[in-house]
Amino acid sequence: ETGVTQSPTHLIKTRGQQVTLRCSSQSGHNTVSWYQQALGQGPQFIFQYYREEENGRGNFPPRFSGLQFPNYSSELNVNALELDDSALYLCASSRQGSFWSLHFGNGTRLTVT
Amino acid sequence: DQQVKQNSPSLSVQEGRISILNCDYTNSMFDYFLWYKKYPAEGPTFLISISSIKDKNEDGRFTVFLNKSAKHLSLHIVPSQPGDSAVYFCAAMSFGGANAGGTSYGKLTFGQGTILTVHP
């Protein structure tokens, strides 16, 4: 059973740039969620995708957007990067309706300078 | 608004003793509560959960207690082992309404985490 994989593991960007983070969900999982974990904080829910549509969103501005592909993999895009976007971005997959059994990837560490 | 709080940033325990990690929440609409363990450079790993209709759930060395009237839950680890040293997150699950496509979503609200160190 293949787990959740994220790429890249680390990334450095400049304020104002755009970034794309990628996630491959665990086999058999059809729902992907993204979380942002700032230093010293717990992860915060960004949004969730199912059937290639966003079906839930946390308190994040529209410059945070995503995609889900037919193979259930997903992308997180952040436009107009700000210094406060520096964080660990976690992807988690699950089966629709079994949200309590989320499986997390190891995350992408984004640094904005 | 911090809906899930872990007020102890760190906890240090001797090997073989009990570790008790605490968590408070404010939203009475949470349906499930979960504990995750996180090592550096890894994603959170699910440990144990409890439904809001129960007050205790046990899995090996791990027991979670839920006190709904106090909006408080705790994780007990007995006996503690050095390999248990990690950051522990309490999380609460809530379910969002269905979108235009008719599907609901599940969202975890996490606490800030507690660093547990188990000394040999």
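Structural data are supplied above this passage.
Worth saying up front: this structure is predicted, and the values here are computed from it rather than measured.

## Quick notes on the overall build of chain A
Turning to step 1, where the next piece is worked out: Scanning chain A for helices and strands turns up 0 helices and 11 strands.
Turning to step 2, where the next piece is worked out: Each helix and strand of chain A, placed in order from N terminus to C terminus, yields the pattern β-β-β-β-β-β-β-β-β-β-β.
Turning to step 3, where the next piece is worked out: The C-alpha radius of gyration of chain A comes to 13 Å, within 12% of the 13 Å expected for a compact globule of 113 residues.
Turning to step 4, where the next piece is worked out: Principal axes of the C-alpha set define a box for chain A whose edges measure 40 × 25 × 25 Å.
Turning to step 5, where the next piece is worked out: Looking at chain A residue by residue over its 113 residues, the buried ones come to 50%.
Turning to step 6, where the next piece is worked out: Contacts in chain A between residues at least 24 apart in sequence constitute 53% of all its contacts with a sequence separation of at least 6.
Turning to step 7, where the next piece is worked out: For chain A, the accessible surface area stands at approximately 5300 Å², while carbon and sulfur atoms represent 47% of it.
Turning to step 8, where the next piece is worked out: Taken together, the 8 basic and 8 acidic charged side chains of chain A have centroids lying 4 Å from each other.

## A few points about the environment of Ser-7 of chain A
All names here are of chain A.
Turning to step 1, where the next piece is worked out: Mapped onto the elements of the fold, Ser-7 is located in strand E1 (residues 5-7).
Turning to step 2, where the next piece is worked out: Remark: the alpha-carbon pair of Ser-7 and Thr-20, spanning 13 residues in sequence, is separated by 9.4 Å.
Turning to step 3, where the next piece is worked out: When near neighbours in sequence (up to four residues on either side) are disregarded, Ser-7 contacts Leu-21, Arg-22 and Thr-108.

## Observations concerning the interface of chain B and chain A
Turning to step 1, where the next piece is worked out: Counting residues at the interface gives 21 residues for chain B, matched by 23 residues for chain A.
Turning to step 2, where the next piece is worked out: The tally of links between chain B and chain A comes to 0 salt bridges.
Turning to step 3, where the next piece is worked out: Inspection of the chain B/chain A interface yields 3 residue pairs in polar contact (both at pLDDT 80 or more).
Turning to step 4, where the next piece is worked out: Those elements that provide at least two residues to the side of chain B that touches chain A are strand E4 (32-38), strand E9 (86-96) and strand E10 (105-110) of chain B.
Turning to step 5, where the next piece is worked out: Top contributing element to the side of chain B that touches chain A by residue count: E10 of chain B, with 5 residues.

Rules used throughout
Residues numbered from 1 in each chain as written. Chains lettered and ligands numbered in written order. Predicted model: local features only at pLDDT ≥ 70, side-chain atom pairs only at ≥ 80, totals over all residues. Heavy atoms only, no water. Helix = DSSP H or I, 4+ residues; strand = E, 2+ residues; numbered from the N terminus. Rg over C-alpha atoms; globule rule 2.2 N^0.38 Å. Buried < 20%, exposed > 50% of the residue type's maximum accessible area, 1.4 Å probe, protein only. Contact = heavy atoms within 4.5 Å. Areas by Shrake-Rupley, 256 points an atom, 1.4 Å probe, with all protein chains shown as cover. Lys, Arg positive; Asp, Glu negative; His and termini not counted. Charge placed at Lys NZ, Arg CZ, Asp CG, Glu CD. Salt bridge = Lys/Arg side-chain N within 4 Å of Asp/Glu carboxyl O. Polar contact = N/O pair within 3.5 Å; in protein donor to acceptor, adjacent residues only side chain to side chain.

In short, geometric facts, not functional conclusions.
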